[in-house]
Amino acid sequence: MDPINVYKFCPKCGGALEVKKENLLVCRKCGFKFYISALPCNAAIIENERGEILLVKRKLDPGKGFWDLPGGFLDGGESLEDSVKREIKEELQVEGKMGKIIGIYEDKYLFQGINYPILTTVVSASITSEKLHASDDIESFSFVPKEEVLGRRFAFASITKGISDYLLLKV
Ligand SMILES: [Zn+2]
């Protein structure tokens, strides 16, 4: 279900929300405008010296058991660079650093029955060590040769597209 059809009550006063537009709910009682916007995410492409790309396997839904890149949602007020660093640390227990922006991709993230619109910035990144520990919402990780990467089943189309653009840019 799309978020616009899920939220029924004003987060400010508790009054009834009315759908005004595709992306806008308005409170009947206090007039509060509640916009539905895409949630910003990051995903990091980390390549080692052997030209392999680091993939992680998701421990949780959406996309449980499917491949993904390290990354996640930006916290409110957090910079893209800081969020990339934080997610790499949380998921792999290693220090990371953001490189370049590869592209920005829209997608959907189905969580608790709500199909959230997301906007994922795919970046290149580096890590200080290859001694990694899968943690947080990551079940395992793998360094995959470039020519095999796109043969993997990814949880999100945006990730497949980002990796594909990265590989094309590299040629
Ligand atoms: Zn209200």
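Worth saying up front: this structure is predicted, and the values here are computed from it rather than measured. (Residues numbered from 1 in each chain as written. Predicted model: local features only at pLDDT ≥ 70, side-chain atom pairs only at ≥ 80, totals over all residues.)

A. Layout of the overall build of the protein chain. Within the protein chain, the regular secondary structure consists of 3 helices and 10 strands. Scanning the protein chain from its N terminus toward the C terminus, one meets helices and strands in the order β-β-β-β-β-β-β-α-β-β-β-α-α. Judged by the C-alpha coordinates and their principal axes, the protein chain covers about 60 × 25 × 25 Å. Restricting to contacts in the protein chain with at least 6 residues of sequence separation, those with at least 24 account for 59%. (Helix = DSSP H or I, 4+ residues; strand = E, 2+ residues; numbered from the N terminus. Contact = placed C-beta atoms within 7 Å.)

B. Region of the structure containing the sheet that holds strand β3 (residues 33-35). Pairing is antiparallel across the open sheet formed by 3 strands, whose spatial order is β1-β2-β3. Either end of the sheet is taken by a strand with one partner, and the two such strands are β1 (17-21) and β3. Shown here is a sheet whose adjacent strand axes are inclined to one another by a mean of 30°, direction ignored. Bridge analysis of β1 against strand β2 (residues 24-27) gives 4 bridges, and the strand direction is antiparallel. Its bridge partner lying in β2, V19 is registered against L25. (Pairing = 2+ DSSP bridges. Axes fitted to C-alpha atoms, helices over the stretch in contact; angles between N-to-C directions.)

C. Representation of the pairing of strand β8 (residues 96-111) in the model. Sheet topology note: the β8/strand β9 (residues 114-127) ladder contains 13 bridges and is antiparallel. Within β9, the residue paired with Y105 across the bridge is T120. Between β8 and β9, which pair antiparallel in sequence order, lie 2 residues; one of them, Q112, sits at a positive phi of approximately 55°.

D. Summary view of the domain arrangement of the protein chain. Domain boundaries assigned for the protein chain yield domain 1 (3-35) and domain 2 (39-170). Placing a centre on the C-alpha atoms of domain 1 and another on those of domain 2 gives a separation of 33 Å. (Domains from an automatic or database assignment.)

E. Spotlight on the sheet that holds strand β10 (residues 138-145). An order of β6-β5-β10 is seen for the 3 strands of this open sheet, with the pairing classed as antiparallel. Lying at the two open borders of the sheet, with one neighbouring strand each, are β6 (67-68) and β10. In this structure, strand β5 (residues 52-58) lies alongside β6, joined through 2 bridges in antiparallel fashion. Bridged to K57 within β6 is W67.

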